[in-house]
Protein chains: 2
Amino acid sequence: MVGSVGNGLADLGAGAVSMNGVGKALHPAEAAAAATAAAETLPMELEPPEALVAAAAAEMEAKREEEAANGRREIVMGRNVHTSCFAVKEPDADDEETGEREATMASVLALYRRSLVERTKHHLGYPYNLDFDYGALAQLQHFSINNLGDPFIESNYGVHSRQFEVGVLDWFAHLWELEKDEYWGYITNCGTEGNLHGILVGREVFPDGILYASRESHYSVFKAARMYRMDCVKVDTLMSGEIDCADFQRKLLQNRDKPVIINVNIGTTVKGAVDDLDLVIKTLEENGFKDRFYIHCDGALFGLMIPFVKKAPQVTFKKPIGSVSVSGHKFVGCPMPCGVQITRLEHINALSSNVEYLASRDATIMGSRNGHAPIFLWYTLNRKGYRGFQKEVQKCLRNAHYLKDRLKEAGVGAMLNELSSTVVFERPKDEEFVRRWQLACEGNIAHVVVMPSVNIDKLDYFLNELVEKRATWYQDGISQPPCIARDVGVENCLCGLHK
Amino acid sequence: MVGSVGNGLADLGAGAVSMNGVGKALHPAEAAAAATAAAETLPMELEPPEALVAAAAAEMEAKREEEAANGRREIVMGRNVHTSCFAVKEPDADDEETGEREATMASVLALYRRSLVERTKHHLGYPYNLDFDYGALAQLQHFSINNLGDPFIESNYGVHSRQFEVGVLDWFAHLWELEKDEYWGYITNCGTEGNLHGILVGREVFPDGILYASRESHYSVFKAARMYRMDCVKVDTLMSGEIDCADFQRKLLQNRDKPVIINVNIGTTVKGAVDDLDLVIKTLEENGFKDRFYIHCDGALFGLMIPFVKKAPQVTFKKPIGSVSVSGHKFVGCPMPCGVQITRLEHINALSSNVEYLASRDATIMGSRNGHAPIFLWYTLNRKGYRGFQKEVQKCLRNAHYLKDRLKEAGVGAMLNELSSTVVFERPKDEEFVRRWQLACEGNIAHVVVMPSVNIDKLDYFLNELVEKRATWYQDGISQPPCIARDVGVENCLCGLHK
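Sequence order sets the numbering: in each chain, residues are counted from 1 along the sequence as written. Working convention: letters from A go to chains and numbers from 1 go to ligands, in the order in which they are written. Per-residue local features are limited, in this predicted model, to residues with pLDDT of at least 70; the limit for side-chain atom pairs, both in listing and counting, is 80 or more; totals at the level of whole chains, interfaces and linings are taken over all residues. As a convention, hydrogens and water are excluded, and side-chain values are obtained from all of the structure's heavy atoms.

Draft legend 1. Looking closely at the overall build of chain A. Looking only at helices and strands, chain A features 15 helices and 13 strands. Only protein chains enter the calculation, and the probe is 1.4 Å; a residue is then buried if its accessible area is under 20% of its type maximum, exposed if over 50%, and partly exposed in between. When each of the 499 residues of chain A is scored for burial, the buried share is 64%. Contacts: residue pairs with any heavy atoms within 4.5 Å of one another. For chain A, the share of sequence-separated contacts (at least 6 apart) that also reach a separation of at least 24 residues comes to 70%. About 18300 Å² of surface is accessible on chain A, with carbon and sulfur atoms providing 51% of the total. Each helix is a run of DSSP H or I of at least 4 residues and each strand a run of E of at least 2, with the numbering of both proceeding from the N terminus. In this description, accessible areas are obtained by the Shrake-Rupley approach with a 1.4 Å probe, and a residue is regarded as covered only by the protein chains that are shown.

Draft legend 2. Just the relation of the copies chain A and chain B, in detail. The atoms used to superpose the copies are C-alpha atoms, taken from residues with pLDDT of at least 70 in both, and the fit is least squares. It takes a turn of 180° to lay chain A on chain B, together with a shift of 0.0 Å along the axis; the resulting RMSD is 0.0 Å. Look at the turn and shift together and you get a two-fold axis relating the two. Among all residues of chain A, the one whose C-alpha sits closest to the rotation axis is Tyr228(A), at a distance of 2.4 Å. Of all interface residues in chain A, 100% are interface residues in chain B too; the two copies therefore contact each other through one and the same surface.

Draft legend 3. Seen up close, the packing of aromatic side chains. Pairing of aromatic rings covers Phe, Tyr and the six-membered ring of Trp, with a centre-to-centre limit of 6.5 Å; geometry is then stacked below 30 degrees between planes, edge-to-face above 60, and tilted otherwise. Evaluation of the coordinates by the stated rule reveals 49 aromatic pairs over all chains. Each ring, one from Phe433(A) and one from Phe462(A), has its centre 5.9 Å from the other, and the planes form 35°; the classification is tilted. With a gap of 29 residues between them, Phe433(A) in helix α13 (residues 431-436) and Phe462(A) in helix α14 (residues 456-473) connect regions that are remote in the sequence. Ring geometry for Phe425(B) and Phe462(B): centres 6.1 Å apart, planes at 70°, overall edge-to-face. Highlighted residues: Phe425(B) in strand β11 (residues 422-426) and Phe462(B) in helix α14 (residues 456-473), separated in sequence by 37 residues. In this structure an aromatic cluster arises from ring pairing among Trp171(A), Phe172(A), Trp176(A), Phe308(A), Phe331(A), Tyr386(A) and Phe389(A). Of note, Lys234(A) hangs over the ring of Phe222(A), and the distance from its end group to the ring centre comes to 4.5 Å. Comment: the charge-over-ring label is applied if NZ (Lys) or CZ (Arg) is within 6 Å of the ring centre and within 35 degrees of the ring normal.

Draft legend 4. Just the interface of chain A and chain B, in detail. If you look at the interface, chain A gives 157 residues, while chain B gives 157 residues. The term buried area refers to how much accessible surface (probe radius 1.4 Å) is lost by two components on association, counted for both of them together. Of the roughly 13700 Å² buried between chain A and chain B on both sides combined, carbon and sulfur atoms contribute 59%. Salt bridges are defined as contacts in which a side-chain nitrogen from Lys or Arg sits within 4 Å of a carboxyl oxygen from Asp or Glu. Taken together, the links from chain A to chain B amount to six salt bridges. Taking the shortest distance from any N to any O, the salt bridge between Arg226(A) and Glu204(B) comes out at 2.7 Å. Considering every element that reaches the side of chain A that touches chain B, the biggest residue donor is helix α12 (residues 372-409) of chain A, with 13 residues. Nonpolar residues are Ala, Val, Leu, Ile, Met, Phe, Trp, Tyr, Cys and Pro. Charged residues are Asp, Glu, Lys and Arg, and all others, Gly as well, are polar. Looking at the side of chain A that touches chain B residue by residue, the class counts come to 83 nonpolar, 42 polar and 32 charged.

Draft legend 5. Up close: the sheet that holds strand β7 (residues 339-344) of chain B. All names here are of chain B. Pairing in this open sheet of seven strands is mixed, and the strands run β1-β7-β6-β5-β4-β2-β3 from one edge to the other. Strands with a single pairing partner mark the edges of an open sheet, and in this sheet they are β1 (183-188) and β3 (232-235). For this sheet the average axis-to-axis angle between neighbouring strands, irrespective of direction, equals 15°. Between any two strands, pairing holds if DSSP finds at least two bridges. Where strand β4 (residues 260-265) lies against strand β5 (residues 293-298), six bridges are found, and the strand directions are parallel. If you follow Ile-262 over to β5, its bridge partner there is Ile-295. Across the sheet, helix α9 (residues 245-253) is in contact with β2 (210-214), β3 and β4; its angle to β3 comes to roughly 150°. Every angle, taken between N-to-C directions, lies between 0 and 180 degrees, and every axis is a line fitted to C-alpha atoms, over only the stretch in contact when it is a helix.

Draft legend 6. Representation of helix α10 (residues 277-286) of chain B within the structure. All names here are of chain B. For α10, the full list of buried residues reads Leu-277, Val-280, Ile-281, Thr-283 and Leu-284. The arc enclosing the buried residues of α10, seen along the axis, measures out at 160°, which places them on a common side. Residues of α10 that are buried make contact with α9, β4 and β5. Pairing of N or O atoms within 3.5 Å defines a polar contact, subject to two protein rules: one partner must be a possible hydrogen donor and the other a possible acceptor, and residues neighboring in sequence count only if both atoms are side-chain atoms. For α10, the N-terminal cap is Asp-276; the gap from its side-chain oxygen to the backbone nitrogen of Asp-278 is 3.2 Å. By arc we mean the arc of the directions from the helix axis to the C-beta atoms, nothing more.

Draft legend 7. Representation of the packing of helix α6 (residues 162-175) of chain B against helix α12 (residues 372-409) of chain B within the structure. All names here are of chain B. Between α6 and α12, whose axes approach to 8 Å, the crossing angle comes to 35°. As for how α6 packs across α12, the hand of that crossing is left-handed. Every residue of α12 that contacts α6 at Phe-164, Glu-165, Val-168, Trp-171, Phe-172, His-174 and Leu-175 is listed here: Pro-374, Ile-375, Leu-377, Trp-378, Leu-381, Tyr-386 and Phe-389. Among the residues forming the contact of α6 with α12, the class breakdown is twelve nonpolar, one polar and one charged. The sense of a crossing depends on the near helix, which, turned anticlockwise from the far helix by less than a right angle, makes the crossing left-handed and, turned clockwise, makes it right-handed.

Draft legend 8. Seen up close, the sheet that holds strand β10 (residues 414-416) of chain A. Residues and elements named next belong to chain A. The strand order across the open sheet formed by four strands is β10-β11-β13-β12, and the pairing between neighbours is antiparallel. The strands lining the two open edges of the sheet, one partner per strand, are β10 and β12 (440-442). Each strand axis lies, on average, 25° off the axis of its neighbour in the sheet, ignoring direction. In the packing of α12 onto the sheet, the strands contacted are β10, β11 (422-426) and β13 (445-449), and the crossing angle to β10 comes to about 160°.

Draft legend 9. Just the state of the cysteines, in detail. A pair of sulfur atoms, both from cysteines and within 2.5 Å, is called a disulfide here. Inspection of every chain in the model, using the stated rule, returns zero disulfides over all chains. No disulfide involves Cys190(A); its sulfur sits 9.4 Å from the nearest other cysteine sulfur, which is in Cys338(A). The class of Cys190(A) is buried, set by a relative accessible area of 1%. No disulfide involves Cys245(B); its sulfur sits 13 Å from the nearest other cysteine sulfur, which is in Cys297(B).

Draft legend 10. Just the pattern of salt bridges, in detail. Applying the stated criterion to the full structure yields 48 salt bridges over all chains. Across the salt bridge formed by Asp362(B) and Lys223(A), the nearest N and O atoms sit 3.0 Å from each other. Of this pair, Asp362(B) sits in strand β9 (residues 360-362) while Lys223(A) is found in helix α8 (residues 219-227), placing the two residues in two different chains. Take Lys223(A): its relative accessible area is 11%, and that puts it in the buried class. For Arg470(A), the salt bridge is made with Glu426(A), and the minimal N-O distance between the two is 2.6 Å. With Arg470(A) in helix α14 and Glu426(A) in strand β11, the pair connects residues that are 44 residues apart, well separated along the chain. With a relative accessible area of 5%, Glu426(A) lands in the buried category. One network of salt bridges, with partners in common, ties together Arg203(A), Glu204(A) and Arg226(B).

Draft legend 11. Representation of the nonpolar core within the structure. Here, nonpolar core refers to any group of buried Ala, Val, Leu, Ile, Met, Phe, Trp, Tyr and Cys residues whose side-chain atoms link them within 4.5 Å. Core analysis: the biggest nonpolar cluster contains 278 residues, and Phe172(A), Phe462(A), Phe172(B) and Phe462(B) have the highest contact counts within it. Those residues in contact with Phe172(A) that lie beyond four places of it in its chain are Leu304(A), Val326(A), Val340(A), Ile342(A) and Leu381(A).

Draft legend 12. Structural context of the environment of Gly496(A). Residue and element names in this part refer to chain A. Here Gly-496 is to be found in the segment after α15 (485-488). When its relative accessible area of 52% is taken as the criterion, Gly-496 is described as exposed. Along the sequence, Gly-496 and Val-233 sit 263 residues apart, while their C-alpha atoms lie 37 Å from each other.

Draft legend 13. Examining unusual backbone geometry more closely. For Gln438(A), which is not glycine, the phi torsion reads 50° and is therefore positive. Relative to the helices and strands, Gln438(A) resides in the loop between α13 and β12. Of note in this structure, Lys311(B) is not a glycine but carries a positive phi near 70°. With respect to the helices and strands, Lys311(B) occurs in the loop between β5 and β6 (323-327). Owing to a relative accessible area of 84%, Lys311(B) belongs among the exposed residues under this scheme.

Draft legend 14. Focus on the pairing of strand β1 (residues 183-188) of chain A. Residues and elements named next belong to chain A. Within β1, six of the six residues are buried, which leaves it mostly tucked inside the rest of the structure. With six bridges joining them, β1 and strand β7 (residues 339-344) adopt antiparallel strand pairing. Across the sheet, residue Gly-185 finds its bridge partner in β7, namely Ile-342.

Draft legend 15. Quick peek at the side chain of Thr188(B). Residue and element names in this part refer to chain B. Within the fold, Thr-188 resides in strand β1. A relative accessible area of 4% means that Thr-188 is categorised as buried. At a separation of 3.2 Å, a polar atom in the side chain of Thr-188 contacts the main-chain carbonyl oxygen of Cys-190. Those residues in contact with Thr-188, other than ones at most four positions away along the chain, are Glu-193, Gly-194, Cys-338, Gly-339, Val-340 and Gln-341.

If you want it as structure tokens, here you go:
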């Protein structure tokens, strides 16, 4: 089967492993007190029977076809995990002697590991570089490393990795051309935290500012507006996915009296489009907003690739930008999500407050902060360096072109933005295929993000399977591949009408 | 030396290891393009010379004494990390052949590891259980595990650990007595994320509600108020650190027309005080706020201990509370910060929005989420179970009493709240001693949080050193131990006046 880890493992594990739920045990305080009281256990919640699953799938498929016929499409949600989780089971009184529990857990973990290998092999849709080897850092897993507070001011908690964190931050500040004594930043938990931070800094600089963002911006930008109670204006996009600065200008002029906080995408989530930073700045300055704007650059993926793409417009603090964020688990590759946030020191002094309990300063979104992530980043930056990243970026762009060309040759509509390694193409008809290759989809389109871990062999494997499956999806001559002209332009669509 | 990891390592590493900064190299894009261009490197920024450090310390000490004489005290901030970080250095062209870089990095890591051992050994101030063994999970470090989106709805990214996450969440929902089909939750990055989430849910339920929190609440609660643009009222505390419900009532009556969102502390940061949840509810209901309040319980540390303390008022969803958060890296112990957030499902439906790109739902604060943390928690919960935690809680409370008694015997003013393992005592005079033992301090008090990793031997080691050092601090007969009556009550103070 090609389903998710969860379901695969539940199939394997339910009978043999029997990690039963606590069920209707007594409240833990009572249960624990009565050490001999045997907790009443319920049978594990098994996968629903095959027949039911098939019926549900057929129903969903029928619904999708009906919606497609109506020209709209409901969001296809993932499976409900509650039916396939590994319950925590209270150890039996004699578990320590028998060692049975340890053995059971080891077997769950071994199966899980096997499924991770399989899932990693078939991953194409998210911009995560899955190719890394941090074996040298395994020795640190025994420590509770926490960089709580400000990266530049030690807290009283001594088990930290600030000396690695600041090394990494210096590297990024240098990449984006901000002097050591003029920047502030920290290593975040993910791209969302970077956006939340950048937009918050913007709001503190301009408390009555309006947040502008193109409609193809990451959902965290709109979440920030809601969280922070900011007025938010969505700006249209061009076919490429870039912000439409003509529309931006129109909307600016409707709000002449309010300062601007704008999120600029350095690679949108779905199409990998890079907003034209220079044009955004020009639009702001020419429409009377000089010195009344704050620009946050969401460089979740391309923030680290674009410095190495020839002719790309550069992200640099020599331009009037306020902050840049980038993800660490994407192009760099890291076992856990993380990100880097760099902003101007002058902005942060207004935002922060000293926390005596920490002997440090609170200017981050989170409090306790993962101290392992900076060491992973430091390790990779040191090993690869600028030159190593440049090579990888070039390889990714080459491979992305290869994928786009091969798709078109096979009659599959596809688009690749010039500065991007995100190949957008017609959404595969079969949701099972989408799940197997872990493709991110939106409406009629899907995408593959070509990361350093995606080589030609993997792409060929994917292409062959797609072509083969596609022949069966459309063999009846009645179903047709979807038209994607509205998403990627007539010139990139190869549907019945446009090919 | 007993300083921080950073400084210790810089001493060791600066000369031998020579991880020089990139310095004023060309911009990376150019530098990388010109593969042969040797980057101009600056000498590593060394530790300031010993003499300067000593002079600065003396100056700081003089300032503190002056402030103490004036009856006020400035916050003592930690050291600036920028002077001691490990810079990332661009690899030399021949690094791959010589293997020199790998060797250098390995030596930095080995030294760092040694310092972590030392720092872990001397840790007392933060409520982190440093005693864990996740060796069995080292095999998973090679995978980029990410639970992006909702825990209960699989995203299209297949390399996740939702089946572990939901198992852990079920365990906590059961602990706090909320049925499986009535709760929602997720594993967060830290206690702060839990508070940010709980308070956000409260605000969405009561958009014009006022946030109340005792002044001894964690700083993240006040950060949330600022981020979310909520009116916030600070409530006074009793000597124990608990919320003063008489003051709460007074403040409620000044804002009769506005709903209430209140943060209830299940263990305050500094004194480990547990707010009286039942009295808070009674105060709300008796003053006309029935069905017009949302209670978030910040159980960062004690949320997991209190179910196992006899006679403690219970945190349970059978009472009208909205959410509970607890940290995973504290009592449970985990290499990286994490936490658990449980709330009522009915509240979350209003907050969330579906994200097609993920095929999941967005109801969390963060987007990408660490998939390793749930496995760590699952592993420990399975191994220890309710009974294991109960034993550890009892041990911690016993050891905390031991520490408090021994401190008082030695003439050191100290306090221990009944339901707590946080021992508050007179702040040690020497900041170096504070740093060595990583004590969290506030004003004239410091604290030790007795965690499962803190045994009697470690406490004796600390006590002996404190008594010995203290004799030297106050031997001149002029300096006196600080009075802490204002912080912990006359009955717990042993200063010249109160003993």
